[in-house]
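One letter stands for each residue in the lines below.
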Amino acid sequence: QYNDTVARAAGIAAHSETLGEKQTAMKCREGLTTAVTNTVILLTALTVLGTTLVLCRNGAVGGEAVLICTLSALGSFGPGVALANQVFASADRVLDLLEETPITPEVTNGGNTAFTGAAADHVTFAYGQETILNNLSLTVPKGQIVGITGKSGSGKSTLLRLFMRFWDAGSGKITFGGADIRSVNTAALRSQESFVTQDTELFADTIENNVRIANRNATHEQVVEACQKASLHDFITSLPQGYGTQVGELGGALSGGERQRISIARAFLKDAPIILLDEATASLDVENETLIQTALSRLIRNKTVLIIAHRMRTVAGADKIVVLADGVVAEQGSPNELYAKNGLYTHMVDLQNGSQNWSL
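First, a word on what this report is: a plain description of the structure on this page. (Residues numbered from 1 in each chain as written. Predicted model: local features only at pLDDT ≥ 70, side-chain atom pairs only at ≥ 80, totals over all residues. Heavy atoms only, no water.)

Quick look at helix α4 (residues 156-163)
(1) Moving on: Burial runs high along α4: six of the eight residues are buried.
(2) Moving on: Directly beyond the C-terminal end of α4, a positive phi value near 60° is found at R165. (Buried < 20%, exposed > 50% of the residue type's maximum accessible area, 1.4 Å probe, protein only. Helix = DSSP H or I, 4+ residues; strand = E, 2+ residues; numbered from the N terminus.)

Here's the deal with the pairing of strand β9 (residues 320-325)
(1) Moving on: Among the six residues of β9, five are classified as buried, and the element is accordingly described as predominantly covered.
(2) Moving on: Bridge count for strand β3 (residues 145-150) against β9 is five bridges, and the pairing is parallel. Note that in β9 the partner of V146 across the bridge is K320.
(3) Moving on: Sheet analysis places β9 next to strand β10 (residues 328-333), joined by five bridges and oriented antiparallel. Bridge pairing in β10 links V323 to E331.
(4) Moving on: Where β9 hands over to β10, the hairpin turn is made up of two residues, of which D326 adopts a positive phi near 55°. (Pairing = 2+ DSSP bridges.)

As for the packing of helix α1 (residues 5-57) against helix α2 (residues 63-75)
(1) Moving on: Orientation of α1 relative to α2, taken along the N-to-C sense of each, is 165°, at an axis distance of 9 Å. Considered as vectors, α1 and α2 are oriented roughly antiparallel to each other. Note that α1 runs across α2; the crossing there is right-handed. Every residue of α2 that contacts α1 at I41, T44, A45, V48, L49, T52, L53 and C56 is listed here: G63, A65, V66, C69, T70, A73 and L74.
(2) Moving on: Across the contact of α1 with α2, the residue classes tally to 11 nonpolar, four polar and no charged. (Axes fitted to C-alpha atoms, helices over the stretch in contact; angles between N-to-C directions. Parallel < 35°, antiparallel > 145°, perpendicular 65-115°, else oblique. Left-handed = near helix turned anticlockwise from the far one by under 90°. Contact = heavy atoms within 4.5 Å. Nonpolar A, V, L, I, M, F, W, Y, C, P; charged D, E, K, R; others polar.)

Written out as structure tokens, the structure reads:
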């Protein structure tokens, strides 16, 4: 999403090598521990058995005491051995997870295709046996704002993730710059797309470092400029530690609106030619929604935009609105055409300038 694969992969690889070395040492220690444990259990059982037999021969204890003492000695090791086995089983599950392969392999020997528009060409996609998109076709011309609306489960968010190539289409194809997205180098694709979602992923780090994820080489001044455009700078400077403020685990120290504006600041810092917005203003209060709408109006100037919203009025300022239903395009056209067809009042939002007005 932030074209930071190389740095993240290098970190994961380094940790994996360290983990592999520790796992090898752990296996050797496990073998030695198992051998010692089994030897101790055997010697203990033989010692208890021999002692109780001698006592039984001398009449100090009965035959049942021999059996009880021997079984008790053997049983006392059970909980400790079981705990050790569970620890190793947990480690194996972690290693299995690290060895999983990506759903969509990274393309490194394709083309560095420049963005000139995108499209979905007779795309069908399913999660397991559940079909989400069914033979869907859609064009996203360069320089236009395309709004996608429809009920929950109609495939809106899935479509955006196909354009990001988080998944591959089951049939049909997604094109980027006229080329099949599967033939475009992943690094080139991700560097030209900015993805702003309803849920912003933040890390236990400073605000500045969380914004800089979008561009590792950005200077402090560039981060500040991106935050100013995202209506975030004033809030940051009001904090005692400013841009060095820790956001907490998963951004827990920030409100939903502040986290969302960090996501928009990332998009400004990345400055990609195509912007994908997935319910970027949903579930926010009026004040935060106004700030974010203002920031978005700056973000999408002279960009190609694919914006998702549940309500048609949210995308009324788009060049084209596409209504999805059950994974297919139910209808599409300009805002005026669709609103006139459905006899609705239009809450016009000029996405380029941030102005609003109502019309019939």
